[in-house]
Amino acid sequence: MTVLRLIAGRVLVSLLTLLLVSMLIFAFVEILPGDVASRILGRDATEASLAVLRERLHLNDPAPERYVRWLGTLLTGDLGTALTSARPINEILAPRITNTLLLSAFALAIYFPLCLIPAALQALNRDRSLDHALSVVTLIIVSLPEFLLATLLMVVFVAWAGLFPAMSVVDDTTSFWDYLRAIALPGTTLGVVMAVYAVRMLRDNLIEVLDADYIRMAEFKGLSRWRVMIRHALPNALVPTLNVTALNLAYLVGGVVVVEKVFAFPGFGSLLIDALQLRDAPLIESTVLITATVYIGANLVADVGAVLLNPRLRTG
Amino acid sequence: MTEPLVAVEDLAITYGQGVEALAAVQSVGFTIGKGEAFGLVGESGCGKSTLAYQLMGYRHPAARATGRVLFKGTDLLALAAPALQRLRGDRVALVPQNPTTALNPAIRVGTQLAEVLHVHGRAASVEAAATRAAELFERVGLPTPRTIGRRYPHELSGGQQQRVCIAIALACEPDLVVLDEPTTGLDVTTQEQIIDLLIELRGRLGMSMLYVTHDLGVLAQIADRVGVMYAGHMVEVAPTEELFSSPRHPYTRGLIAAIPRLDGGPRSPHRLRGYLRRLELPEGCAFAPRCDEAEPSCAQRRQTLEAVGPGRAVACQRWRALGAIDTAGAGDGAEVAATDGASVLDVTGLTLRYGRQGVLARLAGQVPPVVVRDVSFSIKAGETFALVGESGSGKSTIARAISGLLPLVAGSIAFQGQALAPALAARTPDQMRRIQYVFQNPDASLNPRARVASILGRPIAKYLGLDEATARPRIEDALREVRLDAGYARRFPDQLSGGERQRVAIARALVAQPTLLLCDEVLSSLDVSVQANVLDLLRALKRETGVAMLFISHDLAVVRELADRVGVLFRGTLFEIGRNADVFTPPFHPYTHELLMAVPSAHLKRRRVPRRDSVALQGAACSYAGRCPWQKGETCVTAPPPWREAGNGLRIRCHLTLDELTAKAVWRAEGAAA
Amino acid sequence: MTTVTPSQAPVTPPSGLARFWRRAPSSLRVGAIILAIHVVVAVTGPLWAPYGVAQMGAGIPLSGASLAHPFGIDQLGRDVFSRVVHGGHIVMLLALSGTLLGLVIGAVIGLLSGYLRGWIDEVIMRLVEAMISIPFLVLGLLAVSAAGPELSGSPLLVIMVVAFLYAPRIARLARSAALEIVTKDFVTIARLRGESPWSVVRRELLPNTTSVLLVEFAVRTGYAPVLVGSLGFLGFGMRPPTPEWGLMISENRTLLLASPVTVLGPGLMLASLVVGLNLFTEGLARILGRTVQIGQR
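Here the structure is a predicted model, which is why all the values come from computation and not from measurement.

### A short note on the sheet that holds strand E15 (residues 384-388) of chain B
Residue and element names in this part refer to chain B. Read from one edge to the other, the open sheet built from 8 strands follows the order E18-E19-E20-E15-E21-E22-E24-E23, with strand pairing classed as mixed. Looking at strand neighbours, the two that pair on one side only are strand E18 (435-438) and strand E23 (643-645), the edges of this open sheet. Each strand of the sheet is rotated relative to its neighbour by a mean of 20 degrees, with strand direction disregarded. Where strand E19 (residues 516-520) meets strand E20 (residues 548-553), 5 bridges bridge the pair, whose relative direction is parallel. In the strand pairing of E20, Leu516 is matched with Ala548. Packing against the sheet, helix H18 (residues 498-510) makes contact with E18 and E19, and its axis sits at approximately 170 degrees to E18.

### Some remarks on the interface of chain B and chain A
In many analyses, interface size is given as the accessible surface area lost on bringing the parts together. Residue-level contacts link 27 residues of chain B with 21 residues of chain A. Between chain B and chain A, roughly 2200 Å² of surface is buried when both sides are summed, and carbon and sulfur atoms account for 59% of that area. Considering only the surface of chain B that becomes buried against chain A, Pro105(B), Glu115(B) and His154(B) emerge as the three largest contributors, covering 24% of it. On inspection of chain B and its partner chain A, the count reaches 2 salt bridges. One salt bridge in this structure joins Glu115(B) and Lys221(A), with 3.0 Å as the shortest N-O distance. On the surface where chain B and chain A come into contact, there are 12 residue pairs in polar contact (both at pLDDT 80 or more). Those elements giving two or more residues to the side of chain B that touches chain A turn out to be strand E6 (92-95), helix H3 (99-102) and helix H4 (109-119) of chain B.

### What about the interface of chain A and chain C?
Tallying the contact residues gives 52 residues for chain A and 48 residues for chain C. Summed over both partners, the interface of chain A with chain C buries about 4200 Å², with 77% contributed by carbon and sulfur atoms. The interface formed by chain A and chain C includes 1 salt bridge. We note a salt bridge from Arg200(A) to Glu282(C), for which the minimum N-O separation is 2.3 Å. Put simply, chain A and chain C have 5 residue pairs in polar contact (both at pLDDT 80 or more) between them. For the side of chain A that touches chain C, the secondary-structure elements that each account for two or more residues are helix H1 (2-30), helix H6 (129-143), helix H7 (146-160), helix H8 (176-210), helix H10 (225-263), helix H11 (268-278) and helix H12 (281-309) of chain A. The dominant element in the side of chain A that touches chain C, judged by the number of residues it contributes, is H7(A), at 10 residues.

### What about the pattern of salt bridges?
For the coordinates displayed, the defined rule picks out 52 salt bridges over all chains. The shortest N-O distance in the salt bridge between Arg54(A) and Glu47(A) comes to 3.8 Å. Glu47(A) gets classed as exposed once you look at its relative accessible area, which sits at 55%. The salt bridge involving Glu135(B) is made with Arg132(B); its shortest N-O contact spans 3.0 Å. Remark: Arg132(B) and Glu135(B) occur in helix H5 (residues 126-139); sequence separation between them is 3 residues, near one turn of the helix. Overlapping salt bridges, with partners in common, bring together Lys72(B), Asp90(B), Arg91(B), Arg122(B) and Asp175(B) in one network.

### Regarding the side chain of Arg627(B)
Residue and element names in this part refer to chain B. Note on placement: Arg627 falls in the loop between helix H22 (590-598) and helix H23 (635-638). Using a relative accessible area of 12% as the deciding quantity, one classes Arg627 as buried. A polar contact is formed between the side chain of Arg627 and the side chain of Glu390, at a distance of 2.9 Å. Within the structure, Arg627 has its side chain in polar contact with the side chain of Glu594 (distance 2.8 Å).

### Observations regarding the packing of aromatic side chains
What the rule picks out here adds up to 24 aromatic pairs over all chains. Seen from their ring centres, Phe136(C) and Tyr166(C) are 6.0 Å apart, and the 45 degrees between their planes marks the pair as tilted. Of this pair, Phe136(C) sits in helix H5 (residues 136-147) while Tyr166(C) sits in helix H6 (residues 155-182), and the two are 30 residues apart along the sequence. Judged by its relative accessible area of 0%, Tyr166(C) is buried. Among the aromatic residues, those joined into a ring-pair cluster are Phe570(B), Phe575(B), Tyr591(B) and Tyr624(B). Over the aromatic face of Tyr58(B) sits the side chain of Arg216(A), whose NZ or CZ is 5.1 Å from the ring centroid.

Reading the values: rules and limits
Residues numbered from 1 in each chain as written. Chains lettered and ligands numbered in written order. Predicted model: local features only at pLDDT ≥ 70, side-chain atom pairs only at ≥ 80, totals over all residues. Heavy atoms only, no water. Pairing = 2+ DSSP bridges. Helix = DSSP H or I, 4+ residues; strand = E, 2+ residues; numbered from the N terminus. Axes fitted to C-alpha atoms, helices over the stretch in contact; angles between N-to-C directions. Contact = heavy atoms within 4.5 Å. Buried area = accessible area lost by both parts, 1.4 Å probe. Salt bridge = Lys/Arg side-chain N within 4 Å of Asp/Glu carboxyl O. Polar contact = N/O pair within 3.5 Å; in protein donor to acceptor, adjacent residues only side chain to side chain. Buried < 20%, exposed > 50% of the residue type's maximum accessible area, 1.4 Å probe, protein only. Phe/Tyr/Trp six-rings, centres within 6.5 Å; stacked < 30°, edge-to-face > 60°. Lys NZ or Arg CZ within 6 Å of the ring centre and 35° of its normal.

From the geometry alone we can't say anything about function, so treat these as descriptive.
Below, the structure is given as structure tokens:
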């Protein structure tokens, strides 16, 4: 009962935030320079045709009214029509999102081993040379901008080793094997960036758990080291792991923007950049709103997950 | 003599290496016989817990241990991990200091107990383990022992959590139980119940105990022999009775003198001064810098334990010269203050709810519960009035309302005959100056980023309008008043000990030249020995400055020593009020009696009365009904209890008549019995 | 906060700097050395750089690394090493001033919000949450687009965008730091004394939040070059021919197969600057007894 109320509360707050975000995005796109109508019809459009288009697009209505109308159509699941290509945004988005999801799946697949193994190694060898060495390595990698890491991977695996294509261009006809080759480098970049961040956080969290009184008590009960780890430490280390993973998922939705751009991967992120460069208002609104939704959703999942995993919050 | 169960021989434990090495324990040796309870006492940081953990075979990664810790002849320091695992939890078990952090928050308590049984092969099946768990939970006095195992630790109270920990420790019927300050984190009443339980269990199961505590009073009740530790050294070992009747080591004497006494009798003058500074210890006797009896050679010569009688040893070169010391000694005794001055504070019909509320909660129509109900009392000039009660009784809430931090629901507060505005903003600067507050925890009440000079200088500037140059002598005066050196003005709070910080907090209140001092549990965050010193300071200040005090405390012994008048509070209701001496003699309100019975005593063997653990009934006319051992049937639930006048201004609120109350009282002041 | 550790730091004799240096964590020392080298190069670089920022014909385009041209020659025949050296102060100034602006705005909003509480706090914090909910870089790109073509490529815009991205995050932190301190008894004592809100903020709140804000400032400064570089790389930051490192990496990326060193040079500089800043931050946090999370989420 209390759990349901707690979760309902979190969901409500998330929805409120999302509403505020939609206003923010709308306001930003509103002050985007340039007249929408003249951009669609080109330089040599007549004043009369511009006026007709403005009327048709409701551009003369006051901003709040247009915001409410936009929100209304959004709720029906219709994202509108892109300005530049005049195609429905839903149609444009579908293949892009599929690509980005596959890329994210690849990144997550390498993320988990890449963060859990070093973090556990560091926590169990605290303040020994292995811990220090891994700390330095993760600090250096975490300091590298995504575009630089991506570029370095390209230098090594494309320019020197020639293992992968420089451009990760894919379409419907790409074979599974080529697809995998195409997403290998961008996926690795994202996975590594997420993992090093998580390692640094998890190491500290794991040490905190290992230092807890109840771990020492478990040892004093005569349990084996192995049993203490699996039975007593692991359940308590789950919550921080889930938390940092949710943070990383939230990051992922922004991170794909840069990484997809570097590899020219036709995903959701590069679509967002294209939309901004073309000043395609409806497309910008849709893509940015989707990133914010994913961000808020990831945080919500982390919150709810923490509630469900932690008996103190669950029944308290 | 049979072979002892435990023999610690020349044990030394060092943390760190090289110049930064810290000797936590140095050449300590003692034995614990079969079925014996050995107490280990000392101030925080003396190494007693480190020592206790060695009996669990604990190896801190940064620590190095030499010597031997023999358990049934096996050296635990040299034991391989698998053998140690078989021993731990089975033959040797630990009851931790803080049950809240010692129980795994993610696992049900029943599972945590069953685990020990399974690991050590004490339960053949899941069902057998469950049966045994219920049996153990019942034995440690947990309610609904069959179902409580399904709860998570956070669903239990602190006392219940500690009972679970005790049940876990006893699960395999160990030969030795190590108790590491097992009652420190608990309420007084809960403390008492846990100690009762331990005494009873020991009598029934006959296991040996190593009981570690900073509180000698507890050991008086539970230990057969006591070892006194100071800065990693064992300075005295003696049978409990003898230790209390004739302590040999100056440090032991100081510890005993620091225990507040309930009989209002004289206090020993052998107070401890200063505090343990581990980084500035002399080569010889570690206690020398704080010792009144030290000779110059003490600081050079190492002191070793020397037998001074059957089962007794002391590490002090001057023990012969000091002889056996009478713990009673000569003291200044309880004070009788002038109580016929003008009234400073009049609280009438005070009713309070806890805290402010968020907008959302208020919209949802949630009203915070009433925590103080119709409380009236007054304090005269120069008088110290104490409010006692367990945590949650509303004592601090009353002080917050007087200070202007909490709005009143009903009632009024008058200060020096004039009505006091409830809201701080509506009070005059002079009223703000005249009422000063000293908080429980000096760590939180002093700005860590401000030097003592500016902590004291700011109120001087604000209240008295003095600039920095004129304020400086005032700051030094204020420090002198609380017995601190003028050099302390340049320090930051983290360069002070806990007791020194509390002195600064008191000085900050005094520079305002207040008429009324609100002291909110000002002693409870301090070590026992430091407590005694701050208590002395408060008594002296009371005499020197004539300030009136509202002294809030859960500690009856402290109240007995300091207060002129006392009010006893339970769940926001005042049950008894009167002069100090009268409150501590029959007739007692049943709750006052319960509190008195709960005080551990070093000066007398305990008397035990059957007690009721039940919780007070919700919504009863008398808030103590349901928990009251002397309850008078349904009347207590249906009708509010009347005030009864017992003369001398002593008033008791109870359905029982004064004669009935007098007849039921078992507790007697110790001095009277001796 | 509550431990009674004998303090080692407060009294620093004249020779204190040397003692401090010897006692400082190694991460702080290594970080400081890297940063010192970067600062020296950035300040003096324009004086000794072998070629000008936009000077063409420095060598054969794409001729690769050599002693005369350690980072090679770009497509337009410019010496990449000289450009990298010229760019140092630009990168650092943009990062530092953007972060500083964000810190001031964020700290003021956060501390005020935390102290005043009530509905103002509620509104500000909802807005701050909403801004944080749009991923970092996406919000940055959106802000740059909204600013319009007149401002695009101007250092002022880059600084403002960095501050705009940081301010809400710093505000959230400053608020929670304030909330933690407002409940402390010494603040209550000050209130009981009748101190004004401003006096409470200045005497009690600010001194006790400085270390939090200082570490936060260091962390943010460490990420700012990444942010500036990312904007430049995506074409939303500085404009050519500015020798901003992110922009240079983007320009020379087309030459990756022909002359990787033209990318690796600016990359090495950017990476070493950020590593230096982060090492310094980690050491600083350890001295101040705070935990720190390097990197942005």
